[in-house]
Amino acid sequence: MLESFIEKTGALMRIAAACSLCCMVLLTGADVIGRALQSPLFGTEELVAFFAAITLGFSLPYAHRAKSHIAVEIFISSLGRRTRAAIQLVVNGVNFALFSVLAWRLFDYAASMRASGVLSMNLELPEYMVVALVGLGVATFAAMLVCDVLQFSKGGD
């Protein structure tokens, strides 16, 4: 049940990442056209940076599930099936630890930014929301890693 929730959350994040990427493209295109007409859009750099961060954070779970991330397989592919599975288990465990700490620190940083009232320079938007959204993407990715480790411990690959 928890795995199903995590998968659905990852699917929603994939859609949000795609929308964020489209917003980046449209906003950048509108700014380029505006600059050609001597009327650039104010705050485009900030918004594109926010959308880029959201795209990155929300695409992590999908990239993991689709196995579209970079993996070093030249050496590992020559090993036996059980050895490869053991290496994958260790890698997923270490990645879980790393990304869990990263998610925790992102949420902590977002709380700190909220408490101090940090706003973006031009548009004065609260930056903590973007940091928290990236933290949510990283936390979902870490949860997927736990599901993979648990599935492996039950005997699945």
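Refer to the preceding data block for the structure.
Each chain carries its own residue numbering, running from 1 in the direction its sequence is written. Per-residue local features of the predicted model are confined to residues with pLDDT of at least 70, and side-chain atom pairs are confined, for both listing and counting, to 80 or more; whole-chain, interface and lining totals are unaffected and use all residues. As a rule here, side-chain values cover all heavy atoms of the structure and leave hydrogens and water aside.

Asker: An account of helix H2 (residues 44-65) is needed here, citing residue identities and associated values.
Answerer: Strands here are runs of E lasting at least two residues and helices are runs of H or I lasting at least four, both read from the DSSP assignment and numbered beginning at the N terminus. What a helix should span is 1.5 Å times the count of its residues minus one. Between the first and last C-alpha of H2 there are 32 Å, a value that for 22 residues agrees with the 32 Å anticipated at 1.5 Å per step. Bend angle per residue: angle between axes fitted to the 7 residues ending at that residue and the 7 residues starting there. The sharpest bend along H2 comes to roughly 35°, located at Ser 59, with the proline Pro 61 sitting one to four residues further on. Buried, partly exposed and exposed residues are distinguished by accessible area as a fraction of the type maximum, computed with a 1.4 Å probe on protein chains only: under 20%, between the cut-offs, and over 50%, respectively. Within the span of H2, buried status applies to Thr 44, Glu 46, Phe 50, Ile 54, Thr 55, Gly 57, Phe 58, Pro 61 and His 64. We call two residues contacting when some pair of their heavy atoms lies within 4.5 Å. Buried residues along H2 sit against helix H1 (2-36), helix H3 (81-116) and helix H4 (128-153).

Asker: With reference to specific residues and values, describe H3.
Answerer: Between its terminal C-alpha atoms H3 stretches 52 Å, which fits the 52 Å expected from 36 residues at 1.5 Å a residue. All of the buried residues in H3 are Ala 85, Asn 92, Phe 99, Ala 103, Leu 106, Ala 110 and Met 113. Of the surrounding secondary structure, the elements contacted by the buried residues of H3 are H2 and H4. Immediately downstream of H3, the backbone of Gly 117 shows phi near 75°, a positive value.

Asker: Explain the side chain of Ser 120 to me, using residue names and the numbers behind them.
Answerer: Tracing the backbone through its elements, the reader meets Ser 120 in the loop between H3 and H4. Under the rule applied, a polar contact is a pair of N or O atoms within 3.5 Å (in protein, one hydrogen donor and one hydrogen acceptor; residues adjacent in sequence only if both atoms are side-chain atoms). A distance of 2.8 Å separates the side chain of Ser 120 from the side chain of Glu 46, its partner in a polar contact. If we ignore the near neighbours within four places in the chain, the residues touching Ser 120 are Glu 46, Phe 50, Leu 125 and Glu 127.

Asker: Help me get a handle on unusual backbone geometry, residues and values and all.
Answerer: Phi at Gln 38 takes a positive value of approximately 60°, unusual for a residue other than glycine. Structurally, Gln 38 is set in the loop between H1 and H2. Judged by its relative accessible area of 70%, Gln 38 is exposed. Positioned with a positive phi, Glu 124 is a non-glycine residue whose angle comes to about 55°. Tracing the sequence through the fold places Glu 124 in the loop between H3 and H4. Glu 124 gets classed as exposed once you look at its relative accessible area, which sits at 55%.

Asker: Let's hear about the pattern of salt bridges: which residues, and what values?
Answerer: The working definition used for a salt bridge is a side-chain nitrogen of Lys or Arg within 4 Å of a carboxyl oxygen of Asp or Glu. Evaluated as defined, the whole model comprises 5 salt bridges. In this structure, Arg 35 engages Glu 45 in a salt bridge whose closest nitrogen and oxygen atoms are separated by 3.1 Å. Taken together, the residues Arg 35 in helix H1 and Glu 45 in helix H2 connect sequence positions 10 residues apart. Overall, the relative accessible area of 42% leaves Arg 35 in the partly exposed class. When its relative accessible area of 48% is taken as the criterion, Glu 45 is described as partly exposed. A cluster of three or more residues bridged by salt bridges with shared partners is formed by Glu 7, Arg 65 and Asp 148.

Asker: Describe the packing of H2 against H4, listing the residues and the values that go with them.
Answerer: Note on geometry: axes are C-alpha line fits, over the in-contact stretch for helices, and angles between N-to-C directions span 0 to 180 degrees. One can describe the packing of H2 onto H4 by two numbers: an axis separation of 8 Å at closest approach and a directional angle of 5°. With respect to their mutual orientation, H2 and H4 come out roughly parallel. Where H2 approaches H4, its residues Phe 50, Ala 53, Ile 54, Gly 57, Phe 58, Leu 60, Pro 61, His 64 and Arg 65 are matched on the opposing element by Val 130, Leu 133, Val 134, Leu 136, Gly 137, Val 138, Thr 140, Phe 141, Met 144, Leu 145 and Asp 148. Nonpolar residues are Ala, Val, Leu, Ile, Met, Phe, Trp, Tyr, Cys and Pro. Charged residues are Asp, Glu, Lys and Arg, and all others, Gly as well, are polar. Residues of the contact of H2 with H4, tallied by class, amount to 14 nonpolar, 4 polar and 2 charged. Angles below 35 degrees are treated as roughly parallel, those above 145 as roughly antiparallel, those between 65 and 115 as roughly perpendicular, and all remaining angles as oblique.

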